Amino acid sequence: MSDIINILPDSVANQIAAGEVVDRPASCVKELLENAIDAGATQIQLIVKDAGRSLIHVIDNGKGMSDSDARLCFERHATSKIHKADDLFAIHTMGFRGEALASIAAVAQVELKTRQANNELGTCVVIEGSDVKSQEPCSTAVGTSIAVKNLFFNIPARRNFLKKDTIELSHIDEIFRRVALVNNSISFSFHSNGKLLYDLRASNKAQRIAAICNMDGTQKLFPVKEETELVSVEGYVGKPEYARKTRGEQYLFVNNRFIRHQKLSFAVELAYKDMIPDHSYPCYFLFITVDPSRLDVNIHPTKTEVRFVDEQAVSAILRATTKKALGQFRLSSEIEFNPSDEIDFTPAPKDYIPPTPRISYNENFNPFEASPTTPTTGGWGSSSRMAMRSAGWGDNKMAQNDLQHFFDDREDVDAGSVLKKETLEASTPMATVIESSEEEGDASSSDLPIFLLNRFIVTTLRSGLLIVDQCRAYERILFERLMNRRQENGAAGAQQLLFPVTCSFAPADAELMADSIDEIRRMGFIIEKMGQCSYVVSATPPDVKESELQMLFDQMVTDIKCDMMQRFGDRHRSLCMSMARQMAVGTVGRLSPDAMQAIIAELFACQVPNITPSGKKTMVILDADAINERFR
Ligand code: ADP
Ligand code: MG
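Residues numbered from 1 in each chain as written. Chains lettered and ligands numbered in written order. Predicted model: local features only at pLDDT ≥ 70, side-chain atom pairs only at ≥ 80, totals over all residues. Heavy atoms only, no water.

The contact between helix H2 (residues 25-38) and helix H6 (residues 165-182) brings their axes to 8 Å, and the two run at 25°. Our classification of the angle between H2 and H6 gives roughly parallel. Seen from above, H2 lies across H6 with right-handed handedness. Packed against H2, whose contacting residues are Pro 25, Ala 26, Val 29, Lys 30, Leu 33 and Ile 37, the element H6 presents Glu 168, His 171, Ile 172, Ile 175, Phe 176 and Val 179 at the interface. Of the residues that constitute the contact of H2 with H6, the class distribution is nine nonpolar, one polar and two charged. (Axes fitted to C-alpha atoms, helices over the stretch in contact; angles between N-to-C directions. Helix = DSSP H or I, 4+ residues; strand = E, 2+ residues; numbered from the N terminus. Parallel < 35°, antiparallel > 145°, perpendicular 65-115°, else oblique. Left-handed = near helix turned anticlockwise from the far one by under 90°. Contact = heavy atoms within 4.5 Å. Nonpolar A, V, L, I, M, F, W, Y, C, P; charged D, E, K, R; others polar.)

As structure tokens, this is what we get:
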């Protein structure tokens, strides 16, 4: 049999490798920025056109490259950062695999200009799809300028795979923020399609955070600082009252590299336990330093996951440090905290879990007992949620599980089928039903509806039992209210704010907002752009709470990024879904019987009452057969 094995030409091998390193414009931006940092630059400019599709240009004032290095840097495994295997265990640079430039050059048209300080002239290399087209002397500033044009010009499949410009730009924005946050002593600028998005001077960490995240460090953040033998932690954590509904501004860095680490993030969030409502997330900017030999280096350089040798201890330290910062600066009577409690962390035993600082609260306090409130539909919020939890509500886990199983068993009752309104009308609940049940002596109307397991509204129907998920029902109701406002073109019923509220966004997020501004107005917001990254809201739909505006828009932007638009097609509908889901999250807690009745009534008046806009059940009806069946 003849031989069949070929060695792939370099250009093909590079293209394959490129798939791993450069999968979208943002990853190319990351590699170029990191190279500039590794080269000791103090000023870095990033210029992109068409979200990096047609141009990604990074200019630095770092140490530059010699003529021959300028050619060599595009070879695979060309790196100046490690020389031998042992170096792998003491990496202090961002890159080390020598793959980035080779990969980028394989899938784009690249022009590199570079000059070292001791040379009069620099060199210019043009390379396209791994083919060196030219190299000649040129006059250029000290440092390096790399222009990457027409990314994926030779891989149409990958080019077509790219998302809309706004989405690709938001990925680039996120990369830029991560890099700029941790390198606060470097000046950065970032232009997109000729527009200046960031102009960051060298500054301290707090100023950099403020400049990037529209956050006044002293107002919204507490400083954190802890040194132990194992790690040092520095940075800022958000005050509990600024927790948001999305995980947006959570930044964890290890040895100057942005990382994602579920356990560590969880440790930080745990420090906020009982200080912020469920489903809210604190913001934090934490910079961890550990001995590189205590990190798993065998990780993919483009990935953000890392492994710590002392994971348990590092999590414990993070949690304790965060808790300490919150306690020290809060000085609130809720938290008993002794700031002189030093944290002693000689490398902790593997399973050590630090004791949780005690929170004092009144176990018997029940906000609803003292002064029964009678909120109207649309008027209740999340504020009482924590109080309810500490008052012991919703602890009935067993019972909840039972009910859940029961529901799962009953999946066939209405699973998947969108009940038609007519079918439901046959079993309309509410006053009429209660009257008739009284006649039959089934249940006393004064007890109905009841609120069960801190989640469900339960009432009787002529034909059986109706169980409504309060929060989901409200989501459906809000969604239809928002959608209906479209016909009235938004303006009808908009509620004027006493003082306009300013919402701020990261530059790329502000663009996403701009993209959707017509739809947002049609929901009933009166909203105007102010400056580059802020919007001023002067009126809202009636159900929206002023204090939740920023959070609602943040979630909306996140949803846009998650490509909801593409999944559901109709943008206005998607935005209404996002808004309704977000607004409904806070609607837990017991309502007055009238308010519960009103929810059921409005739910049944909806176009599609039995599922949420995203298809989850809002209600279960147990008819006579189903109930009898349980007693067989
Ligand atoms: P790595 O960063 O993993 O070493 P790269 O492919 O990103 O691999 O870069 C290859 C080499 O090119 C680097 O090791 C460095 O010596 C050189 N280089 C890349 N970018 C720059 C830059 N902006 N300034 C100076 N040298 C650079
Ligand atoms: Mg590199």
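Summed over the entire model, instances satisfying the criterion amount to zero disulfides. Cys 138 forms no disulfide, and the closest cysteine sulfur to it belongs to Cys 124, at a distance of 5.0 Å. Assessed through its relative accessible area of 13%, Cys 138 is described here as buried. (Disulfide = S-S within 2.5 Å. Buried < 20%, exposed > 50% of the residue type's maximum accessible area, 1.4 Å probe, protein only.)

Let us now look at the sheet that holds strand S15 (residues 456-461). Across the sheet, which stays open at both edges, the four strands sit in the order S14-S15-S16-S20 with antiparallel pairing between neighbours. At either margin of the open sheet sits one strand with a lone partner, and together these are strand S14 (450-452) and strand S20 (619-623). Averaged over all adjacent pairs, the angle separating strand axes in this sheet is 25°, with direction ignored. In this structure, S15 lies alongside strand S16 (residues 464-469), joined through six bridges in antiparallel fashion. By the bridge assignment, Val 458 is partnered in S16 with Ile 467. (Pairing = 2+ DSSP bridges.)

A few words on the confidence of the model for the protein. Regions with low pLDDT should not have their predicted coordinates read in detail. Here the protein shows a mean pLDDT of 77. Residues at 70 or above account for 74%. Predicted confidence in the protein is weakest over helix H12 (residues 385-390), with a mean pLDDT of 31, and strongest over strand S2 (residues 55-60), with 98. Confidence over residues 331-349 falls short of pLDDT 50; this stretch has 28 contacts with residues more than four positions distant or in other chains. Segment residues 365-444: pLDDT under 50, and 123 contacts once partners within four positions in sequence are set aside and those in other chains are kept. (pLDDT = per-residue confidence, 0-100.)

Once that is clear, we can look at the packing of aromatic side chains. Two aromatic rings are characterised by how far apart their centres lie and by the angle between their planes. Taken as a whole and assessed by the stated rule, the structure comprises eleven aromatic pairs. An angle of 70° between the planes, with centres 6.0 Å apart, marks the rings of Tyr 251 and Phe 258 as edge-to-face. Grouping residues by exposure puts Tyr 251 and Phe 258 together as buried. Judged by centre distance (6.0 Å) and plane angle (75°), the rings of Phe 505 and Tyr 535 are edge-to-face. Highlighted residues: Phe 505 in the loop between strand S17 (495-504) and helix H17 (507-515) and Tyr 535 in strand S19 (residues 534-540), separated in sequence by 30 residues. For the pair shown, Phe 505 and Tyr 535 are each scored as buried. (Phe/Tyr/Trp six-rings, centres within 6.5 Å; stacked < 30°, edge-to-face > 60°.)

So, on to the pattern of salt bridges. All chains considered together, the criterion is met by 23 salt bridges. Among the ionic pairs, Glu 34 bridges to Lys 30, the shortest N-O distance being 3.5 Å. Within this pair, Glu 34 and its partner Lys 30 are both found in helix H2, separated by four residues, close to a single helical turn. Take Glu 34: its relative accessible area is 5%, and that puts it in the buried class. (Salt bridge = Lys/Arg side-chain N within 4 Å of Asp/Glu carboxyl O.)

Attention shifts here to unusual backbone geometry. Not every positive phi belongs to a glycine, and Asn 255 is a case in point at roughly 45°. Following the sequence through the fold, Asn 255 ends up in the loop between strand S11 (250-254) and strand S12 (257-259). On the basis of relative accessibility, which here comes to 24%, the residue Asn 255 falls in the partly exposed class. Although it is not a glycine, Asn 454 sits at a positive phi angle of roughly 60°. Tracing the backbone through its elements, the reader meets Asn 454 in the loop between S14 and S15. Here Asn 454 falls in the partly exposed class, since its relative accessible area comes to 23%.

Now for H6. Helix length check: H6, at 18 residues, gives a terminal C-alpha distance of 26 Å against a target of 26 Å (1.5 Å per residue), a fit within 8%. For H6, a buried count of 15 out of 18 residues is recorded, marking the element as mostly surrounded by other parts of the structure. (Expected span 1.5 Å × (residues − 1).)

So, on to the sheet that holds S19. Spatial strand order, S17-S19-S18: three strands in an open sheet with antiparallel pairing. Taken across any chain shown, the strands that pair with only one partner, and hence form the sheet edges, are S17 and strand S18 (526-530). Neighbour to neighbour, the strand axes of the sheet diverge by 20° on average, direction disregarded. Direction of pairing for S17 relative to S19: antiparallel, over a ladder of six bridges. Across the sheet, the residue bridging to Ser 504 is Ser 534, located in S19. Lying on the sheet, helix H19 (residues 549-561) is in contact with S17, S18 and S19; it crosses S17 at an angle near 55°.

A contiguous nonpolar surface patch, about 260 Å² in accessible area, is contributed by Leu 8, Val 12 and Ile 16. Relative to the helices and strands, Val 12 resides in helix H1 (residues 10-21). (Patch = residues over 30% accessible without salt bridge, like charges linked within 9 Å, V, L, I, M, F, W, Y side chains within 5 Å. Areas by Shrake-Rupley, 256 points an atom, 1.4 Å probe, with all protein chains shown as cover.)

Okay, the pairing of strand S8 (residues 195-200) next. In terms of strand pairing, strand S7 (residues 187-192) meets S8 through five bridges, oriented antiparallel. Paired with Phe 190 across the strands is Tyr 198, a residue of S8. A loop of two residues connects S7 with S8, the two strands running antiparallel in sequence, and Asn 193 in this loop sits at a positive phi of about 45°.

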